[in-house]
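Each chain, written out:
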Amino acid sequence: ACPAPGCAWFAPTAHSLRGIFRAYWEAHGGLPQFGYPLSEEIQENGHTVQYFERNRFEYHPENAGTRYEVLLGLLGRQLSGCP
C-alpha cells in the first residue's frame, strides 16, 4: 500500500507509482501504454528508474522542467546486446 499522498498502488503487481513517474505515466497513456509497474523506483547506472510491463522510465534531473526530464529506456537494445 501507499503511505504517502499522491501515491498509486497497483494490487496486480504489488508496486506503487508516485511523483514525476506517476505524472509522466498519466500524461502519456497510463496503463494501456505502459502497463503496470513491475518495480519500485530504484537506482541504476546513476539514474532513478522504474520498470513497467512495457517500458522503463529514467529520471534525468539535469533536464528538469523540460520534456526530457523523464526518458524511456531502450529495453530492446539492452536485451539484444546492441550498443
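The notes below deal with the structure included here. Note that the structure is a prediction, hence the values are computed from the model and not measured.

### Quick look at the overall build of the chain
Secondary structure summary: the chain contains three helices and six strands in total. Evaluated residue by residue, the chain yields a buried proportion of 33% over its 83 residues. Intrachain contacts of the chain at a sequence separation of at least 6 include 23% that bridge at least 24 residues. For the chain, the computed accessible surface area is about 5,100 Å², with 57% contributed by carbon and sulfur atoms.

### Comments concerning the pairing of strand S4 (residues 47-52)
Two elements, strand S3 (residues 42-44) and S4, share three bridges in a ladder whose sense is antiparallel. By the bridge assignment, Gln43 is partnered in S4 with Thr48. Hairpin connection from S3 to S4: two residues lie between these consecutive antiparallel strands, with Asn45 at a positive phi of about 55°. Pairing of S4 with strand S5 (residues 55-59) involves five bridges; the strand directions are antiparallel. Directly across from Thr48, in S5, lies its bridge partner Tyr59. Hairpin geometry of S4 and S5 is characterised by an intervening segment of two residues between the two adjacent antiparallel strands.

### Quick notes on the side chain of Gln50
Turning to its location among the elements, Gln50 is positioned in strand S4. Classification of Gln50 by relative accessible area gives buried; the value is 1%. A polar contact of 2.8 Å, which involves the side chain of Gln50, links it to the backbone oxygen of Ser39. Beyond its immediate stretch of four places on either side in the chain, Gln50 contacts Ser16, Leu17, Phe21, Pro37, Ser39, Glu40, Glu41, Asn55, Arg56 and Phe57.

### Quick notes on the sheet that holds S4
An order of S3-S4-S5-S6 is seen for the four strands of this open sheet, with the pairing classed as antiparallel. Pairing within the sheet leaves two strands with one partner each, and these edge strands are S3 and strand S6 (70-72). Between one strand axis and the next, the sheet turns through 40° on average, direction left out of account. Packed onto the sheet, helix H1 (residues 19-27) meets S4, S5 and S6 and runs at close to 130° relative to S5.

### Side note on the nonpolar core
One finds Ala8, Phe10, Leu17, Phe21, Tyr24, Trp25, Phe34, Phe52, Phe57 and Val70 forming the largest nonpolar core, which totals 10 residues. Of all the secondary-structure elements, those providing two or more residues to this core are strand S1 (8-10) and H1. Broken down by element, this core gets its largest block of residues, three residues, from H1. If we ignore the near neighbours within four places in the chain, the residues touching Val70 are Ile20, Phe21, Tyr24, Phe57 and Glu58.

Rules behind the numbers
Residues numbered from 1 in each chain as written. Predicted model: local features only at pLDDT ≥ 70, side-chain atom pairs only at ≥ 80, totals over all residues. Heavy atoms only, no water. Helix = DSSP H or I, 4+ residues; strand = E, 2+ residues; numbered from the N terminus. Buried < 20%, exposed > 50% of the residue type's maximum accessible area, 1.4 Å probe, protein only. Contact = heavy atoms within 4.5 Å. Areas by Shrake-Rupley, 256 points an atom, 1.4 Å probe, with all protein chains shown as cover. Pairing = 2+ DSSP bridges. Polar contact = N/O pair within 3.5 Å; in protein donor to acceptor, adjacent residues only side chain to side chain. Axes fitted to C-alpha atoms, helices over the stretch in contact; angles between N-to-C directions. Core = buried A, V, L, I, M, F, W, Y, C linked by side-chain atoms within 4.5 Å.

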